[in-house]
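The lines below spell out each chain.
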Amino acid sequence: MRIKLTEQQSRLLRSIRMRKQALICGGAGTGKTLLALERARDIALSGRATLLVCYNSPLADYLSKVAAGTPNLQIMTY
């Protein structure tokens, strides 16, 4: 399963690609988690072990399904 980012989300993702840290703010449903997932995928696909931590188990399960098959990427909750 692949989720398509909006053009605005894609531009933001491109702008933070070379940064070590970024603060993304927005209300519920604005795509913050999707940006985090796509950034984590990028890092994992570059060969680095990557951990994406989210706030609950159902979300972690969903993101794990969406990202299934991405090497070096582990998704967990705290």
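Quick caveat, the model's predicted, so the values are computed rather than measured. Sequence order as written defines residue numbering, which begins from 1 separately in each chain. Side-chain atom pairs in this predicted model are given and counted only at pLDDT of 80 or more, local residue features only at pLDDT of at least 70, and totals for whole chains, interfaces and linings cover all residues. Values shown for side chains rest on all heavy atoms present in the structure; no hydrogens or waters enter the calculation.

Undergrad: So what exactly am I meant to see when it comes to the packing of helix H2 (residues 32-45) against helix H3 (residues 57-66) here?
TA: For any two helices packed against each other, one specifies the inter-axial angle together with the distance between the axes. The interhelical angle for the contact between H2 and H3, taken along N-to-C directions, is 45°, at an axis separation of 12 Å. The angle between H2 and H3 places the two elements in the oblique class. Both H2 and H3 take part in a crossing whose hand is right-handed. Taken together, the residues of H3 that come into contact with H2 (itself represented by Thr33, Leu37 and Arg41) are Leu59, Leu63 and Val66. Axis lines are fitted through C-alpha atoms, for helices just across the contact stretch, and the angle between N-to-C directions can take any value from 0 to 180 degrees. Elements are defined by DSSP. Helices are runs of H or I of four residues or more, strands are runs of E of two residues or more, and each kind is numbered from the N terminus. Relative orientations are named as follows: roughly parallel for angles under 35 degrees, roughly antiparallel for angles over 145 degrees, roughly perpendicular for angles from 65 to 115 degrees, and oblique for any other angle. Helix crossings get a hand from a simple test, with the near helix turned counterclockwise from the far one by less than a right angle marking a left-handed crossing and a clockwise turn marking a right-handed one. Here, two residues are considered to be in contact whenever any of their heavy atoms come within 4.5 Å of each other.

Undergrad: Sorry if this is basic, but what is going on with the nonpolar core here?
TA: As a rule of thumb, soluble globular proteins bury nonpolar side chains together. Here, nonpolar core refers to any group of buried Ala, Val, Leu, Ile, Met, Phe, Trp, Tyr and Cys residues whose side-chain atoms link them within 4.5 Å. Using a 1.4 Å probe on the protein chains alone, a residue whose accessible area is under 20% of its type maximum counts as buried, one over 50% counts as exposed, and one in between counts as partly exposed. Residues Leu37, Ala40, Ala44, Leu52, Cys54, Leu59, Ala60, Leu63, Val66, Ala67, Leu73 and Ile75 constitute the largest nonpolar core, which totals 12 residues. At the level of secondary structure, the elements contributing two or more residues to this core comprise H2, strand E1 (50-54), H3 and strand E2 (73-77). No other element matches H3, which puts 4 residues into this core.

Undergrad: I would appreciate a short explanation of the pattern of salt bridges in the present structure.
TA: Opposite charge on two side chains makes pairing possible when the charged atoms of those side chains draw close. When a carboxyl oxygen of Asp or Glu is within 4 Å of a side-chain nitrogen of Lys or Arg, the pair counts as a salt bridge. On inspection of all chains with the given rule, the structure shows 4 salt bridges. Across the pair Arg17 and Asp42 runs a salt bridge whose closest N-O atoms are separated by 2.7 Å. Within this pair, whereas Arg17 is found in the loop between helix H1 (7-16) and H2, its partner Asp42 is found in helix H2, the two being separated by 25 residues in sequence. In this structure Arg17 comes out as partly exposed when scored by relative accessible area, which is 33%. Between Arg41 and Glu38 there is a salt bridge whose closest N-O contact spans 2.8 Å. On the criterion of helical spacing, the pair formed by Arg41 and Glu38 is a turn pair, its members being 3 residues apart in helix H2. For Glu38, a relative accessible area of 7% puts it in the buried group. Here the salt bridges do not stand alone but share partners, grouping Glu7, Arg11 and Arg14 into one network.

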